Amino acid sequence: MKTRITEMFGIEHPIIQGGMHYVGFAEMAAAVSNAGGLGIITGLTQGTPEKLANEIARCKDMTDKPFGVNLTFLPTVNAPDYPGLVKAIIDGGVKAVETAGNNPAQVLPYFKDAGVKVIHKCTSVRHSLKAQSIGCDAVSVDGFECGGHPGEDDIPNMILLPRAADELDIPFVASGGMADARSLVASLAMGAEGMNMGTRFIATQEAPVHENVKKAIVAASELDTRLVMRPLRNTERVMTNDAVERLLEKERKLGDDLKFEDIIEEVAGVYPRIMTEGDMDAGAWSCGMVAGLISDIPTCKELIDGIMAEAEEIIRGRLAGFLN
Ligand SMILES: Cc1cc2nc3c(=O)[nH]c(=O)nc-3n(C[C@H](O)[C@H](O)[C@H](O)COP(=O)(O)O)c2cc1C
């Protein structure tokens, strides 16, 4: 399958693995890239330019296919060394960057000069248009279904994707709720040129996370995610657990008075305990509604090959069949 996204990133299949905190290590990115998709290392999980440079080098030892790095711009007090991280990406020879969070305008000139393609993850049409106007090469349109931060507009992909198609000139991939060949074909029908998956890639053999995380995703239904931190306008879709229910109770009690400090125990620094140690009640961790569509733990190659083969069957068989 050839789309503007496969052409832009030099990949075989139009499937991207979104950056994921404490999941997007070199092992994850290399497995996706070796399977013909675009694997992504999560820059902020490494934190420093030195560690990121090392992770990029490790990934290059595991694959000779293109892979990317995610740079998430968060409003934090102790901002990471973004210029240093940008330099590590460029010096490491990486040719694809997924940006997310705040406007990436400040880093675009460096990437443009180095021939790095930038795909910005957006949760609305207006942010997608902004990304296009500042010179991003592509966008990843992240619907309300998504694991992680869906924004505050709550527009699901059935509406968001065709709206993006109506407005954008640059290519985009569908993100949020994507799991299988049906997701890919539906996304293409709505104007996307590929898809981005987060949660689905965690439940794979190669994902470098504790088995408990993979089992939790397989066991969960589409009803098992919750939206937290809405009162802080920093909404995150997470898998429910004891800590999340405790956090939601605090939100109900404190209402508009809620401050980040009130929920620090449930959200700060919990990722290593969950992803590495498998302590599934340690706090809130991002997970998409798509968990309801995930019932196995394949290799990345089995997953991607299966999606591409079935997508062809759907297009040539089921869809073409309706035209008689
Ligand atoms: C555990 C987890 C951690 C994530 N961490 C990040 C992150 O650090 N930066 C980012 O841009 N997106 C992050 N995301 C969002 C994903 O890149 C992707 O946009 C999202 O998972 C798509 O929705 P899906 O889970 O329904 O596939 C994370 C998602 C998950 C599930």
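Parameters and conventions
Residues numbered from 1 in each chain as written. Predicted model: local features only at pLDDT ≥ 70, side-chain atom pairs only at ≥ 80, totals over all residues. Heavy atoms only, no water. Helix = DSSP H or I, 4+ residues; strand = E, 2+ residues; numbered from the N terminus. Contact = heavy atoms within 4.5 Å. Expected span 1.5 Å × (residues − 1). Buried < 20%, exposed > 50% of the residue type's maximum accessible area, 1.4 Å probe, protein only. Arc of directions from axis to C-beta. Phe/Tyr/Trp six-rings, centres within 6.5 Å; stacked < 30°, edge-to-face > 60°. Lys NZ or Arg CZ within 6 Å of the ring centre and 35° of its normal. Core = buried A, V, L, I, M, F, W, Y, C linked by side-chain atoms within 4.5 Å. Axes fitted to C-alpha atoms, helices over the stretch in contact; angles between N-to-C directions. Parallel < 35°, antiparallel > 145°, perpendicular 65-115°, else oblique. Left-handed = near helix turned anticlockwise from the far one by under 90°. Nonpolar A, V, L, I, M, F, W, Y, C, P; charged D, E, K, R; others polar. Near = heavy atom within 4 Å. Polar contact = N/O pair within 3.5 Å; in protein donor to acceptor, adjacent residues only side chain to side chain. Areas by Shrake-Rupley, 256 points an atom, 1.4 Å probe, with all protein chains shown as cover. Pairing = 2+ DSSP bridges. Right-handed = clockwise from strand over helix to strand, strands pointing away. 1 Å grid on protein atoms, 1.4 Å probe; cavity = no way out; pocket = protein on both sides within 12 Å on 5 of 7 lines; lining within 4 Å. Points joined across faces, edges and corners; volume = space filled by probe spheres on them.

Looking now at the environment of N103. Residue placement: N103 occurs in the loop between β4 (96-101) and α6 (108-113). Along the backbone, N103 and A131 are 28 residues apart, and their C-alpha atoms lie at a distance of 7.5 Å. Aside from chain neighbours lying at most four places away, what touches N103 is K130 and I134.

Turning to helix α12 (residues 242-254), a few remarks are in order. Count 3.6 residues to each turn of an α-helix, and residues three or four apart come out pointing the same way. The end-to-end C-alpha distance of α12 is 18 Å, a good match for the 18 Å that 13 residues give at a rise of 1.5 Å each. Where α12 is concerned, the buried positions are A243, V244, L247, L248 and E251. An end-on view of α12 places all buried positions within 135° of arc, on one side of the element. Of the exposed residues in α12, the ones pointing more than 90 degrees away from its buried face are D242, R252 and K253. The secondary structure elements touched by the buried residues of α12 are β9 (225-228), β10 (236-239) and α13 (264-267). Looking one or two residues past α12, G255 carries a phi angle of roughly 55°, positive in sign.

Before going further, it helps to examine the packing of aromatic side chains. In the structure shown here, the tally under the stated rule is 2 aromatic pairs. For the pair Y22 and F25, a centre-to-centre distance of 6.1 Å together with 75° between the ring planes defines the contact as edge-to-face. Among the residues examined, F25 registers a relative accessible area of 18% and is labelled buried. Here the aromatic rings of F73 and Y82 are separated by 4.6 Å at their centres, their planes lie at 35°, and the arrangement is tilted. Here F73 falls in the buried class, since its relative accessible area comes to 3%. Over the ring of F144 we find R237; its NZ or CZ atom is 4.9 Å from the centre of that ring.

By size, the foremost hydrophobic cluster in this structure holds 80 residues, and its most contacted members are I89, F111, F201, V213, I217, W285 and I307. With 7 residues, helix α15 (residues 300-321) is the largest single contributor of residues to this core. In this view, V213 contacts I202, I274, M275, M280 and W285; residues no more than four positions away in its chain are not counted.

Viewed as axis vectors pointing N to C, helix α9 (residues 181-189) and α15 meet at an angle of 60°, and their least axial separation amounts to 8 Å. By the angle between their axes, α9 is oblique relative to α15. The interaxial crossing formed by α9 with α15 has right-handed handedness. Contact with α9, carried on its side by A181, R182, L184 and V185, involves I307, M308, E310, A311, I314, I315 and L319 of α15 and no other residues of that element. In the contact of α9 with α15, the residues fall into 9 nonpolar, no polar and 2 charged.

With that out of the way, let us pick up the site of the ligand. Lining the immediate environment of the ligand, one finds 23 residues, of which G19, K121, G177, G198 and T199 sit closest. For the ligand, a nitrogen atom lies 3.0 Å from a polar atom in the backbone of H21. At 2.7 Å, a side-chain N or O of K121 approaches an oxygen atom of the ligand. Across the complex, the protein chains shield 93% of the 600 Å² of accessible surface that the ligand would expose by itself. Among the elements of the structure, β3 (67-73), β8 (195-197) and α10 (199-202) are those that each provide at least two residues to the shell around the ligand. Class assignment for the residues of the shell around the ligand results in 7 nonpolar, 14 polar and 2 charged.

Let us now look at the pairing of β4. For β4, the tally of buried residues reaches 5 of 6 residues, placing the bulk of the element in the interior. Of the pairings in the sheet, the one linking β3 to β4 comprises 6 bridges and is parallel in character. Its bridge partner lying in β4, F73 is registered against G101. Sheet analysis places β4 next to strand β5 (residues 117-122), joined by 4 bridges and oriented parallel. Bridge pairing in β5 links E98 to I119. Considered for its hand, the β-α-β crossover made up of β4, α6 and β5 is right-handed.

Before going further, it helps to spend a moment on the pairing of strand β7 (residues 172-175). A regular strand places its side chains on the two faces of the sheet in alternate fashion. With burial as the criterion, each face of β7 is covered, one bearing F172 and A174 and the other bearing V173 and S175. By the bridge criterion, 4 bridges tie strand β6 (residues 138-142) to β7 in an arrangement that is parallel. Bridging across to β7, D142 finds its partner in S175. Handedness of the β-α-β unit built from β6, helix α8 (residues 157-167) and β7 comes out right-handed. With α9 bridging β7 and the parallel β8, this β-α-β connection has right-handed handedness.

Before going further, it helps to spend a moment on the layout of surface pockets. Taken as a whole, the second largest pocket holds about 160 Å³ of empty space. Together, 14 residues line the second largest pocket, and A179, D180, R200, L303 and I307 are the ones closest to its centre. Elements supplying a minimum of two residues to the lining of the second largest pocket: α9 and α15. Among the elements that take part in the lining of the second largest pocket, α15 stands out by supplying 4 residues, more than any other. Its residues assigned to classes, the lining of the second largest pocket shows 7 nonpolar, 2 polar and 5 charged.

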